[in-house]
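The chain contents come next:
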Amino acid sequence: MSGEDPFAAAGLSTPAADPFAGVPPAPVDGSPIRIAGIPEMNALREWEDKHQRDLEEKEQQEQTAKKERQAAAGASLKEFYDERAEETKKRNSANRASQQDAEASLAKADEGLNPWELVAKLIDTRGVPADTSRDTSRMRDLLIELKTSPLAQKAGEF
């Protein structure tokens, strides 16, 4: 190909016109572009702007309220766990004391006390059976009788 224009025969020898020639340049000062026929502010635009500001304000209020609730919940949880740990310590110390009392009671039983008294301490002798439980009144009566008047042991029996 030589330096000839292949489209010269079509009759378009003039250079193409700039398609953006009629568009005004963007303003440098940051002011909005004004398009002919559309006013800058109308009632709908004002309502949209006000509505957008209201939504942003509500979102900010919701975020602050959410943070406050989270802080309050965190403090409440910390207080709950502290109380729970303290109650657990108290319960553990009470259980230890109860266990020591039970061990001391067992040691006394070995010293010649009536063994039926120890058995009677381990059961509920109030006589209030549950509705769905079996009738244990005969066994309870027998244990109470053995506690108050134990069987005499003969030599050689156990």
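On a predicted model such as this, the values are computed, not experimentally measured, just so you know.

A.B. asks: Can you walk me through the pattern of salt bridges in this structure?
C.D. replies: Pairing between side chains of opposite charge can happen when their charged atoms approach one another. In this structure the tally under the stated criterion is three salt bridges. A salt bridge links Asp-54 to Lys-50; the nearest nitrogen and oxygen atoms lie 3.3 Å apart. With Asp-54 and Lys-50 both in helix H1 (residues 43–109) and four residues apart, this pair spans about one turn of that helix. Residue classification places Asp-54 among the partly exposed residues on the basis of a relative accessible area of 31%. According to the relative accessible area criterion, Lys-50 is partly exposed, its value standing at 45%.

A.B. asks: Explain the confidence of the model for the chain here, please?
C.D. replies: The predicted coordinates ought not to be read in detail in places where the model reports low pLDDT. When pLDDT is averaged along the chain, the result is 79; 69% of the residues meet or exceed 70. Per-element confidence in the chain ranges from a low mean pLDDT of 71 for helix H2 (residues 115–122) to a high of 93 for H1.

A.B. asks: I would appreciate a short explanation of a nonpolar patch on the surface in the present structure.
C.D. replies: On the surface, a nonpolar cluster with roughly 320 Å² of combined accessible area is contributed by Leu-77, Phe-80 and Tyr-81. Note that Phe-80 resides in helix H1. Given a relative accessible area of 45%, Phe-80 falls into the partly exposed group.

Reading guide: rules and limits
Residues numbered from 1 in each chain as written. Predicted model: local features only at pLDDT ≥ 70, side-chain atom pairs only at ≥ 80, totals over all residues. Heavy atoms only, no water. Salt bridge = Lys/Arg side-chain N within 4 Å of Asp/Glu carboxyl O. Helix = DSSP H or I, 4+ residues; strand = E, 2+ residues; numbered from the N terminus. Buried < 20%, exposed > 50% of the residue type's maximum accessible area, 1.4 Å probe, protein only. pLDDT = per-residue confidence, 0-100. Patch = residues over 30% accessible without salt bridge, like charges linked within 9 Å, V, L, I, M, F, W, Y side chains within 5 Å. Areas by Shrake-Rupley, 256 points an atom, 1.4 Å probe, with all protein chains shown as cover.

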